[in-house]
Amino acid sequence: MESTHDCRTMAVANEKGGVGKTVMAVNLGAAFSLKGKAVLIVDADPQANATRGLGIEVPEGAPTLYDLMKDPAGGPARDCVLKTRWDRLDVLPATVDLAGAEVELVDEQGREYRLKDALEGLWESYDVILIDTPPSLSLLTVNVFACAAEVLVPCQTHPYAYAALEELFDTVSAIQKEINPELTVTGIVATFFDARTRVSHQILEKLKSHPLYGPLLLKTPIRINTTIADSALVGKPVLFYRKRSYGAVDFMQLAEELLEKGP
Ligand SMILES: Nc1ncnc2c1ncn2[C@@H]1O[C@H](COP(=O)(O)OP(=O)(O)OP(=O)(O)O)[C@@H](O)[C@H]1O
Ligand SMILES: [Mg+2]
């Protein structure tokens with residue numbers, strides 16, 4: 001990172017779909033902002049769920065991440081950043097157009113570094129940049145890994161999600177070798193944890209006792225909580241929707257754990 005200002009850049013990633021990536025990017029972002037950090041959430045998923053989850057409707061014709069990736073020299077990244085309704089919480093939004101970037105960049109030189117180039121000039125304005133990723137190993141995900149220093153891995157406490165971790169770690173190793181040697185997995189977070197079910201406890205135990213995953217498992221699991229889904233539906237982080245819900249409490253605790261742990 002070029003500037004002297006310390007900005008933590010965290011990708012929230014797991015190639016498996018529906019494990020809680022977007023909910024984590026949005027709510028951890030909200031929790032960090034409540035802790036006084038200046039936060040930017042970058043929506044690198046054409047599904048644009050993080051953008052919507054923050055209650056943002058991209059104005060017609062407004063530049064988005066797509067425009068930045070197509071032409072990083074086309075204009076300052078700052079022009080694409082939108083403020084949310086909450087203090088210290090901004091978003092670099094996506095629309096479905098972003099899916100086109102994949103195809104359009106395929107033959108371009110340096111296509112893996114488009115996002116990194118695009119974010120130039122934003123690092124010094126934020127304490128934390130959280131990047132939501134799509135559920136696939138796409139050129140978009142590679143771009144995210146090329147510019148992030150940390151990876152947070154939500155893992156649903158379900159056998160299929162557990163099995164998918166191997167793929168994620170293979171991807172991270174390949175990226176470390178070829179594209180970004182600084183990329184590290186900061187932590188695995190158990191999500192959709194349901195204390196009443198045996199499978200949740202079993203998967204948590206498997207994570208804890210695994211030689212690679214165990215030391216990376218963060219202490220705070222995110223419990224299953226329908227309020228989280230309700231809040232996403234109304235375009236608010238759960239911390240600003242029901243601050244006493246399990247979801248809000250868990251994300252606040254996860255933010256504290258990550259701040260204590262450091263990069
Ligand atoms: N802890 C939770 N408790 C209850 N519902 C949750 C929880 N976390 C996420 N959800 C809900 O589960 C669904 C999937 O979550 P989310 O969109 O965050 O997953 P994702 O990994 O980003 O999915 P995709 O791979 O499609 O991008 C959403 O409807 C979300 O509101
Ligand atoms: Mg998502």
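Residues numbered from 1 in each chain as written. Chains lettered and ligands numbered in written order. Predicted model: local features only at pLDDT ≥ 70, side-chain atom pairs only at ≥ 80, totals over all residues. Heavy atoms only, no water.

Colleague: Please provide a residue-by-residue account of the overall build of the chain, values included.
Modeller: Of regular secondary structure, the chain possesses ten helices and seven strands. The C-alpha atoms of the chain give 17 Å as radius of gyration, which agrees with the globular expectation for 263 residues (18 Å, within 12%). With respect to the three principal axes, the spread of C-alpha positions in the chain is 50 × 40 × 35 Å. Every one of the 263 residues in the chain was classed for burial, and the buried ones make up 53%. Sequence separation of at least 24 residues holds for 78% of the intrachain contacts in the chain that already meet a minimum separation of 6. Surface accessibility of the chain: about 12,000 Å² in total, with carbon and sulfur atoms responsible for 51%. Where the 26 positive side-chain charges of the chain centre and where its 36 negative ones centre are 10 Å apart. (Helix = DSSP H or I, 4+ residues; strand = E, 2+ residues; numbered from the N terminus. Rg over C-alpha atoms; globule rule 2.2 N^0.38 Å. Buried < 20%, exposed > 50% of the residue type's maximum accessible area, 1.4 Å probe, protein only. Contact = heavy atoms within 4.5 Å. Areas by Shrake-Rupley, 256 points an atom, 1.4 Å probe, with all protein chains shown as cover. Lys, Arg positive; Asp, Glu negative; His and termini not counted. Charge placed at Lys NZ, Arg CZ, Asp CG, Glu CD.)

Colleague: Explain the sheet that holds strand β4 (residues 89–92) to me, and be specific about the residues and the numbers.
Modeller: The seven strands are arranged β3-β4-β2-β5-β1-β6-β7 in an open sheet whose pairing can be described as mixed. Looking at the sheet topology across the chains shown, the edges are occupied by β3 (82–83) and β7 (184–191). Pairing of β3 with β4 involves two bridges; the strand directions are antiparallel. Counterpart to K83 in the pairing with β4 is D90. Across the sheet, helix α6 (residues 139–147) is in contact with β1 (8–12), β5 (128–132) and β6 (150–156); its angle to β1 comes to roughly 155°. (Pairing = 2+ DSSP bridges. Axes fitted to C-alpha atoms, helices over the stretch in contact; angles between N-to-C directions.)

Colleague: I'd like a description of the pattern of salt bridges, backed by residues and values.
Modeller: Overall, the coordinates contain eight salt bridges when judged by the stated rule. A salt bridge links R8 to E150, with the nearest nitrogen and oxygen atoms 2.8 Å apart. Here R8, found in strand β1, pairs with E150, found in strand β6; they are 142 residues apart in sequence, far enough to count as distant. Of the two residues, R8 and E150, neither departs from the other in class, the shared state being buried. Here R196 ties to D194 by a salt bridge, and the two come within 3.0 Å at their closest N and O atoms. Given the relative accessible area of 73%, R196 is considered exposed. (Salt bridge = Lys/Arg side-chain N within 4 Å of Asp/Glu carboxyl O.)

Colleague: Could you give an account of the pairing of β4, with specific residues and numbers?
Modeller: Going residue by residue along β4, you find L89 and V91 tucked away on one face and D90 and L92 tucked away on the opposite face as well. Note: strand β2 (residues 39–43) against β4, four bridges, orientation parallel. Bridge assignment links I41 to a residue of β4, and that residue is V91. Taking the residues that link successive antiparallel strands as the turn, the β3-β4 hairpin has five residues, and the phi of R88 there is positive, at about 60°.

Colleague: Let's hear about the pairing of β5: which residues, and what values?
Modeller: Counted residue by residue, β5 has five buried out of five residues, so it is predominantly covered. Of the two faces of β5, both are covered, the one formed by V128, L130 and D132 as well as the one formed by I129 and I131. Where β1 and β5 come together, five bridges link them in parallel fashion. Residue pairing for β5: T9 is matched across the bridge by I129. Pairing of β2 with β5, which is carried by five bridges, proceeds in the parallel orientation. Directly across from V39, in β5, lies its bridge partner V128.

Colleague: Give a detailed account of the packing of aromatic side chains, specifying residues and quantitative values.
Modeller: As enumerated under the stated definition, the model contains three aromatic pairs in all. Seen in terms of ring centroids, Y162 and Y213 are 5.9 Å apart; in terms of plane orientation they differ by 85°. Their pairing is edge-to-face. Of this pair, Y162 sits in helix α7 (residues 159–178) while Y213 sits in the loop between α8 (198–209) and α9 (226–233), and the two are 51 residues apart along the sequence. Neither residue differs from the other here; Y162 and Y213 are each classed as buried. Here the aromatic rings of F169 and Y213 are separated by 5.3 Å at their centres, their planes lie at 35°, and the arrangement is tilted. With F169 in helix α7 and Y213 in the loop between α8 and α9, this pair connects stretches of sequence that are 44 residues apart. Each member of the pair, F169 together with Y213, is buried. (Phe/Tyr/Trp six-rings, centres within 6.5 Å; stacked < 30°, edge-to-face > 60°.)

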